[in-house]
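Structural overview
Below, each chain spelled out in residue letters.
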Amino acid sequence: MVKYGKFSESIAEKLQDIVGPEYYSDRIEELIVYSRDSSLFTCRPDAIVRPMTVEQVSEILKLANEHLIPLIPRGGGTSASGSPLAVVGGIILDMSSMNRILSIDIDNQCVTVEAGVVCDTLNDELAKFGFFFPPDPASSPACTIGGMVNTNAAGNRTIKYGSTRDWVLWLEVVLPNGEVINTGSKVLKSSSGFDLTRLIVGSEGSLAVVTKVGLRVTPLPEAYATAVLIFDNIRSLSAAATKIRRAGIVPEMIEFMNEKTAKASLDYAKIRGLPPGNFLLIDCGGAKESVGPMLDRCLALVKEHKPIYEDRTQDRAYRDRLVNARKAALPALARLRPTTSMEDLTVPPTRLPDAAEAVEKIPARLGVEGIDLGNFGHVADGNMHPTFVYDERVEEQKAAFFKGMDILYREIVFPMGGSCTGEHGIGLIRADYIELEYGKVAVALMRSIKQLFDPNLILNPGKGKGGPYPLRRE
Amino acid sequence: MTKLPKLSDYAEEVQKCMRCGFCRTLCPTFSSISWEAGSPRGRMQLAKAFLDGEVEFTDYIQERIFECALCGYCLWRCPAGVKTIDVVKAARAYMLEHKETPQSVETLLANLSGEHNLYGLSHGMRSDWLGYPWIGLKDKVEVGKKGADVLYFVGCICSYSGKKNMTGKATAQILTKVDTDWTLLGQDEWCCGDPALLSGDFGRALEAARHNVEKARELGVKKVVTSCAGCYRMWKQEYPVLLGEDLGFEVSHISQYIVEALKNGSLKMGRELKSVVTYHDPCELGRLGEVFEEPREILKAIPGVEFREMSKNRYLSKCCGGGGDLKVAYPDLSMEVGMRRLKEAQDTGAKTIVSCCPACELQLSDVAQKNGVPLQVLNIAEIVARALTP
């Protein structure tokens, strides 16, 4: 176990010298609110700083490194996995005030943003030029680009556009010793050097602090044609999605919700008139004249899997409502019980029906009253979000949740060759599982890389990639 | 009457917060404060920590609670359906009970108690506005007329703002033009109680509800019309809850009344007003009252008006900074919030910004004046009155 330095008054004073007293806090009220993200963990930091410049970030890191104080970068604090929590105390580096869009270069199809820019804010600006940054996590109204880079966030449109990693051209990062480096290249193609950019994307703030991001952007589709289908079982739904993929059609999204989640989400989005069942959304985007025929092809292909309901639309407002209903799956489930814990497994797409059926049986296997589960996700990527709903204040239910996690990953996901996280990151909640996924040797190699970047292990300790620490379950 | 809520009643409510942070991005005050405790999510976590016994109410928490403009953006945005602004109001009620309310808010509440208006001006002056030379309504309207169809509930700002606000006159012109049998409460009108409710003084809000409803019932009116978003929301949403009963008459905002009159032909706007106009949704009429389209319908129907929407509109509309005690407790922050909204209005290229709430209008005018922004601010009733067919 690493021995960290003690956070002292002298460090507090030095931090205030760097950022100014108004951008530093160790008040109990702020410590309380920065103790949490969207996961069920509570970890209290020693202090919070809100830097405004890369120079300040550099000075803060030098100080933390010198005194062996843990330092945890945080964006919008939207993580469902405990990534931005101070598991062994230390300094929270709240990056959300570094939130300027520095340049929008439409001709070269790229933008430069500071790490604290909110995803939807960037897309609101890009929309004025008819462009967008495609990764579309459900947290887009609040999550920051820095957070998306650190978790390699993805979302509904992954089937067509990939994840954040595919859109990052270059990064400005600060190493734990305070050195500022640029990774990647500001041009659209480069084969030069090791790909440090792709290494840092998804590293959950455990290798370096991301301060600036160069992103590719692309034109918005001119039009959409969208269909909603209901299936009486998940196997037919999944087979329908596979058929579309096999035919070489690439819609904007192919999304699903199981029956329980669909009911909650459609109620939440006030969409009426659909029969109960498993919900499939096919959204085709592109040129005006091509989207209708593309959707026709999809619908012809899925017919043999006997959807019990089919509706199509090219009305933009209704399409947006359907997409938003799917994006509202988590919040809709959150209204059912006091605590919501969303998981993030990925299996090969063809194994999705097996995984989904096994997932549905977890609550019965747990046999604890008050804990239930919904399921939804990106059917074309094999990425599902089984979401446990329960009351964390009831010990029996909280224990059942952790047991449910074990069943999920140990008995369902890994035996199918899957991954414990498709787009959320390991964080604190899945730290126990990374070795199961990769084996001891691969994880040891990851930790060597971590030590190369961060010899004193000050950056975001306790998380899967920055460990090893046991999962904190209190 | 329903039981008045206490902060402890919201223990389950704050537990529902998923801490997803969706409430942060467009929160009008968080954009300035930038500390997590100053976000709606932070406020919910602080309320939870207090209810769990983890922290006492400190001055810092008092500030964070009273910085909230109660604009309702977080309430609308919250995926988990947390009644965020009810929690803030209940926290304010707790502070009031424990004498921890900011001095400026205490003064406001004292004004409401003594003189039944926001400003602490004499209650005896409440009807004076009718006789101002620039209003000229003194002998033209029968105050307290029993059996009138419509009661125009004027509100504090229109009654006491002098030349600064001509909404009362414009509303009266419209009611007269439609040939409605209308009246006023005059000296029997008390502040609607909205400022008390927003300050956590539920008792005073209840008192106002009882008084105003009783007086309206004594007149036997069929409808109450307001020209203020706050008054409208109180009469429409809060009075029935506070009193625990149906009011027995309709409540309309003047924008709804105008649309009805335009549709049935009793009001005609024939005068051309050459102007580029944008519209600011007052939080209490729009997001909280769900009246969005009527003001827009009106503006689009005025001959010569080119209507341009601000980028954040309807449910996403940004607060002007004038509400929820913000202007009273933290005037500088209120100005900052207001300037952000005016900037959006300027970006449309509009020369006039119209709203449906005298509080928003006073705030936006104030911000425009202090920052040298050349925008004319009008109430919907004022612009309609200017466009009326002679």
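Predicted model, so just to flag it, every value in this text is computed and none were measured.

1. Some points on the overall build of chain B
Looking only at helices and strands, chain B has 18 helices and 8 strands in total. Computed over C-alpha atoms, the radius of gyration of chain B comes to 20 Å, within 12% of the 21 Å expected from 2.2 N^0.38 for 390 residues, which places it in the range of a compact globule. With respect to the three principal axes, the spread of C-alpha positions in chain B is 65 × 45 × 35 Å. For chain B, the proportion of its 390 residues judged to be buried stands at 56%. By sequence separation, contacts in chain B at least 24 residues apart represent 78% of the contacts at least 6 residues apart.

2. Side note on the overall build of chain A
When helices and strands are counted, chain A shows 17 helices and 21 strands. Taking 23 Å as the expected radius of gyration for a compact globule of 474 residues, we find that chain A reaches 22 Å, a close match to that expectation. Counting the 474 residues in chain A, one finds 54% classified as buried. Sequence separation of 24 or more characterises 73% of the internal contacts of chain A that already satisfy a separation of 6 or more.

3. Things to note about the interface of chain B and chain A
Counting residues at the interface gives 25 residues for chain B and 29 residues for chain A. Elements with a contribution of two residues or more to the side of chain B that touches chain A: helix 3 (40-51) and helix 4 (59-66) of chain B. Tallying contributions element by element places helix 3 of chain B first for the side of chain B that touches chain A, with 4 residues. Of the residues that constitute the side of chain B that touches chain A, the class distribution is 12 nonpolar, 8 polar and 5 charged.

4. Here we look at the sheet that holds strand 16 (residues 339-342) of chain A
Strands in a sheet are paired, the pairing made by backbone hydrogen bonds, and the direction either parallel or antiparallel. Residues and elements named next belong to chain A. A sheet is described by the order of its strands in space; here 3 strands give the open sequence 16-21-18, paired in antiparallel fashion. Lying at the two open borders of the sheet, with one neighbouring strand each, are strand 16 and strand 18 (372-374). If you compare each strand with its neighbour and ignore which way they point, the axes differ by 25° on average. Inspection of the sheet shows strand 18 paired to strand 21 (residues 387-390) by 3 bridges, in the antiparallel sense.

5. Notes on the packing of helix 1 (residues 9-19) of chain A against helix 3 (residues 54-67) of chain A
Residue and element names in this part refer to chain A. Between helix 1 and helix 3, whose axes approach to 9 Å, the crossing angle comes to 165°. Considering their axes alone, helix 1 and helix 3 lie roughly antiparallel with respect to each other. Between helix 1 and helix 3 the crossing geometry is right-handed. The segment helix 1 lies against helix 3, with Ile11, Lys14, Leu15, Ile18 and Val19 engaging Gln56, Glu59, Ile60, Leu63 and His67. Residue classes in the contact of helix 1 with helix 3 are distributed as 6 nonpolar, 2 polar and 2 charged.

6. Overview of the packing of helix 3 of chain B against helix 4 of chain B
Residues and elements named next belong to chain B. Interaxial distance between helix 3 and helix 4 falls to 10 Å at its minimum, and their mutual angle equals 135°. Between helix 3 and helix 4, the interaxial angle falls into the category oblique. Once helix 3 is placed against helix 4, the crossing between them reads as left-handed. Contacts between helix 3 and helix 4 involve Gly42, Arg43 and Leu46 from the first element and Ile61, Arg64 and Ile65 from the second. The residue makeup of the contact of helix 3 with helix 4, split by class, is 3 nonpolar, 1 polar and 2 charged.

7. Re the domain arrangement of chain A
Residues and elements named next belong to chain A. Each assigned domain of chain A is listed here: domain 1 (101-219), domain 2 (223-329) and domain 3 (336-427). For domain 1 and domain 3, the distance between their C-alpha centres works out to 29 Å. In this assembly, 12 residues from domain 1 lie in contact with 9 residues from domain 3. Grouping the constituent residues of the side of domain 1 that touches domain 3 by class yields 4 nonpolar, 7 polar and 1 charged.

8. Observations regarding the sheet that holds strand 8 (residues 168-174) of chain A
Residues and elements named next belong to chain A. Strand order across the open sheet formed by 5 strands is 5-6-10-8-9, with antiparallel pairing between neighbours. Bordering the open sheet on either side are strand 5 (101-105) and strand 9 (180-184), each of which pairs with just one other strand. Here the average twist between neighbouring strands, direction ignored, is 15°. Sheet analysis places strand 6 (residues 110-114) next to strand 10 (residues 209-216), joined by 5 bridges and oriented antiparallel. By the bridge assignment, Cys110 is partnered in strand 10 with Arg216.

9. What about the environment of B:Gln363?
All names here are of chain B. By secondary structure assignment, the location of Gln363 is in helix 17 (residues 358-371). Residue Gln363 is classed as buried on the basis of its C-beta count, with 27 C-beta atoms lying within 10 Å. If sequence neighbours within four positions are ignored, Gln363 has contacts with Cys320, Gly321, Gly322, Lys327 and Gly338.

10. Some details on helix 13 (residues 254-263) of chain B
Buried within helix 13 of chain B are the following residues: B:Ile254, B:Ser255, B:Gln256, B:Tyr257, B:Ile258 and B:Val259. Considering only its buried residues, helix 13 of chain B is in contact with helix 9 (167-177), strand 3 (223-226), strand 4 (250-253), helix 14 (293-301) and helix 18 (380-387) of chain B.

11. A short note on the domain arrangement of chain B
Residues and elements named next belong to chain B. Domain parsing of chain B yields domain 1 (7-100), domain 2 (104-261) and domain 3 (268-387). Between the C-alpha centres of domain 1 and domain 2 there is a distance of 30 Å. If one sorts the elements of the side of domain 1 that touches domain 2 by residue count, helix 6 (residues 84-97) sits on top with 6 residues. Its residues assigned to classes, the side of domain 1 that touches domain 2 shows 6 nonpolar, no polar and 2 charged.

12. A short note on helix 13 (residues 352-360) of chain A
Two residues of an α-helix separated by three or four positions point the same way, owing to the 3.6 residues in each turn. Residues and elements named next belong to chain A. For helix 13, the full list of buried residues reads Leu352, Pro353, Ala355, Ala356 and Val359. Buried positions in helix 13, seen along its axis, are confined to an arc of 160° and lie on one side of it. Against the buried residues of helix 13 lie helix 8 (234-246), helix 14 (362-366), strand 20 (383-384) and helix 15 (395-413).

13. Overview of the nonpolar core
By size, the foremost hydrophobic cluster in this structure holds 267 residues, and its most contacted members are A:Leu280, B:Tyr152 and B:Val384. Among the elements that make up this core, the one with the highest residue count is helix 6 of chain B (8 residues). Setting aside residues up to four positions removed in sequence, B:Val384 forms contacts with B:Ile174, B:Ile258, B:Met269 and B:Ile298.

14. A few points about the pairing of strand 14 (residues 278-286) of chain A
Residue and element names in this part refer to chain A. Extensive coverage of strand 14 is indicated by the burial of 8 of its 9 residues. Summarising the sheet, strand 12 (residues 223-231) and strand 14 pair through 9 bridges and their orientation is antiparallel. The partner of Ile230 across the bridge, within strand 14, is Phe279. In this sheet, strand 14 lies alongside strand 13 (residues 253-257) in antiparallel orientation, the contact comprising 5 bridges. The partner of Met253 across the bridge, within strand 14, is Asp283.

15. Focus on the confidence of the model for chain A
Per-residue pLDDT for chain A averages 94, and the proportion of residues at 70 or more is 97%. Predicted confidence is poor over residues 466-474 of chain A, with pLDDT under 50, and the contacts of this stretch with residues over four places away or in other chains come to 18 contacts.

16. Some points on the pairing of strand 10 of chain A
Residues and elements named next belong to chain A. For strand 10, the buried fraction is high: 7 of the 8 residues fall into the buried class. Pairing analysis gives 6 bridges linking strand 8 to strand 10, with the strands arranged antiparallel. The residue of strand 10 that forms the bridge with Glu172 is Lys212.

17. What about the confidence of the model for chain B?
Looking at chain B as a whole, the pLDDT averages 95, with 99% of positions reaching at least 70. Model confidence for the complex: the whole-complex pTM is 0.94, and ipTM, which rates the interface, is 0.93.

18. Observations regarding unusual backbone geometry
Residues and elements named next belong to chain A. At Glu204, a residue that is not glycine, the phi angle is positive and equals roughly 55°. Within the fold, Glu204 resides in the loop between helix 7 (196-200) and strand 10. On the basis of neighbour counts, which here come to 28 C-beta atoms within 10 Å, the residue Glu204 falls in the buried class. Its identity as a non-glycine residue notwithstanding, Asn460 has a phi of 40°, on the positive side. Position of Asn460 among the secondary structure elements: in the segment after helix 17 (440-453). According to the C-beta neighbour criterion, Asn460 is buried, with 31 such atoms within 10 Å.

What counts, and at which threshold
- Residues numbered from 1 in each chain as written.
- Chains lettered and ligands numbered in written order.
- Predicted model: local features only at pLDDT ≥ 70, side-chain atom pairs only at ≥ 80, totals over all residues.
- Helix = DSSP H or I, 4+ residues; strand = E, 2+ residues; numbered from the N terminus.
- Rg over C-alpha atoms; globule rule 2.2 N^0.38 Å.
- Buried ≥ 20, exposed ≤ 12 C-beta atoms within 10 Å, placed from the backbone.
- Contact = placed C-beta atoms within 7 Å.
- Nonpolar A, V, L, I, M, F, W, Y, C, P; charged D, E, K, R; others polar.
- Pairing = 2+ DSSP bridges.
- Axes fitted to C-alpha atoms, helices over the stretch in contact; angles between N-to-C directions.
- Parallel < 35°, antiparallel > 145°, perpendicular 65-115°, else oblique.
- Left-handed = near helix turned anticlockwise from the far one by under 90°.
- Domains from an automatic or database assignment.
- Arc of directions from axis to C-beta.
- Core = buried A, V, L, I, M, F, W, Y, C linked by C-beta atoms within 7 Å.
- pLDDT = per-residue confidence, 0-100.

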